[in-house]
Amino acid sequence: MKRIGVFTSGGDAPGMNAALRAVVRTASGMGVEVVGIRRGYAGMIDGEFVPLGPRDVANIIQRGGTILLTARSKDFMTEAGRATAARNLKEAGIEGLVAIGGDGTFRGAERLIEEHRIPVVGVPGTIDNDLYGTDYTIGFDTAVNTALDAIDRIRDTAASHERVFFIEVMGRYAGFIALEVGIAGGAEVVALPEVSISPEEIARTISASLEKGKRSSIIVVAEGAYPGGAEALFRAVRELSGFEARVTVLGHIQRGGSPTAKDRVLASRLGAVATRTLVGGTSGVMVGEVEGEVTLTPLYEAVTKKKEIDIDLYELARVLSG
Ligand code: F6P
């Protein structure tokens, strides 16, 4: 390959820039040109291409967000949109792509491969950590630490006012962020989409905590754990028990900020391997890290197979909240 494209797509994640830098510098070291595609699949359709050399990615390893911008493109979901994108890529002499994103990004990549024979290798970039084939996705560690910092602060005011707080964290349909911050933040309850927990059970846990002499409680709620999120869950608990509480939705703060060292290293490693894999002639896979080793997983499996939460960690959270 003489020229490859790289893009970021879907929800941004801290570390995407570090991955982009690794792609550009690895390719450059192999004598391969890199074209940056702005705004993900939307920019592919609109032909928003920019040449990227090693100096263009200087001083971005520490920056959150993505300098290439990102989008969730509706047009790319249509055959006509994908055909336009493929034509633009071919006209620009782009022979293969490194796609940095989550499941929506990889589903789009699969279509490009099947319908237009454009080789693609995926790099897992999402705070949700919900991709099969990698222990961690780029951005997850930073998001967890950002949420944890907020929860620590909320704990100060919860303790001072002797209050219960319901804190909603992101994760879409997955509870990885909630589980990790639940343990690290010493939550009394962790509500995840993967393990059913009722408002009755939460009310009982709060009562038991009060009886044990705990004057404040932190309930961490994954956004997908209960229809309507933390606010609705709190209302259901109040209905049953009369308990008062405050609700905080951490929201998009979890997506921003400078990536942690762990995310920068992961992004650098996976960005480099993805580039070597693509240029070496392999397509339709996502690079990942499993038990410290770099792995390749078919894109299809990465998005269709379910990555399970660590149920032992969940049990640990329950035991330690006693
Ligand atoms: O996939 C990343 C994520 O932040 C999810 O955790 C969340 O559900 C979603 O994106 C929010 O998307 P948007 O920024 O489009 O509202």
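The rules behind the values
- Residues numbered from 1 in each chain as written.
- Predicted model: local features only at pLDDT ≥ 70, side-chain atom pairs only at ≥ 80, totals over all residues.
- Heavy atoms only, no water.
- Near = heavy atom within 4 Å.
- Polar contact = N/O pair within 3.5 Å; in protein donor to acceptor, adjacent residues only side chain to side chain.
- Areas by Shrake-Rupley, 256 points an atom, 1.4 Å probe, with all protein chains shown as cover.
- Nonpolar A, V, L, I, M, F, W, Y, C, P; charged D, E, K, R; others polar.
- Domains from an automatic or database assignment.
- Contact = heavy atoms within 4.5 Å.
- Salt bridge = Lys/Arg side-chain N within 4 Å of Asp/Glu carboxyl O.
- Phe/Tyr/Trp six-rings, centres within 6.5 Å; stacked < 30°, edge-to-face > 60°.
- Lys NZ or Arg CZ within 6 Å of the ring centre and 35° of its normal.
- Helix = DSSP H or I, 4+ residues; strand = E, 2+ residues; numbered from the N terminus.
- Buried < 20%, exposed > 50% of the residue type's maximum accessible area, 1.4 Å probe, protein only.

Peer 1: Tell me about the site of the ligand, and please be specific about residues and values.
Peer 2: If you check the shell around the ligand, you find R72, I127, D128, M170, G171, R172, E223, H252 and R255 and nothing else. Taking G171, its main chain carries an N or O atom lying 3.1 Å from an oxygen atom of the ligand. H252 is positioned with one of its side-chain polar atoms (N or O) 2.8 Å from an oxygen atom of the ligand. The fraction of the free accessible surface of the ligand (400 Å²) that becomes covered by protein chains is 74%. Split by residue class, the shell around the ligand holds two nonpolar, two polar and five charged. Both domain 1 (3–139 + 259–304) and domain 2 (140–255) contribute no fewer than three residues apiece to the shell around the ligand.

Peer 1: Before we move on, can you summarise the domain arrangement of the protein with the specific residues and values?
Peer 2: Partitioning the protein into structural domains gives domain 1 (3–139 + 259–304) and domain 2 (140–255). Each partner contributes residues to the interface: domain 1 has 17 residues there, and domain 2 has 13 residues. Run the count over domain 1 and domain 2 and you get one salt bridge. R255 is the partner of D12 in a salt bridge, and the nearest nitrogen-oxygen pair spans 2.7 Å. Scanning the region where domain 1 abuts domain 2 turns up nine residue pairs in polar contact (both at pLDDT 80 or more).

Peer 1: Pulling in residues and values, what's your account of the packing of aromatic side chains?
Peer 2: Aromatic ring pairs: the centre-centre distance and the angle between the two ring planes describe each pair. Counting across every chain of the model gives four aromatic pairs. Joined through ring pairs, the aromatic side chains of F7, Y41 and F76 make up one cluster. For K262, the ring lying beneath its charged end belongs to Y136, and the centroid distance is 4.0 Å.

Peer 1: Please give an account of the pattern of salt bridges that cites residues and values.
Peer 2: Here the structure, examined in full by the defined rule, presents 18 salt bridges. Note that R111 is salt-bridged to E114, the shortest N-O span being 3.0 Å. Of this pair, R111 and E114 both sit in helix α4 (residues 103–116), three residues apart, which is roughly one turn of that helix. In this structure R111 comes out as partly exposed when scored by relative accessible area, which is 29%. Residue E315 pairs with R318 through a salt bridge whose shortest N-O separation is 3.9 Å. Here R318 and E315 lie together in helix α11 (residues 311–320), a separation of three residues that amounts to about one turn. The exposure class of E315 is partly exposed, given its relative accessible area of 40%. One network of salt bridges, with partners in common, ties together R38, R39, D46 and E48.

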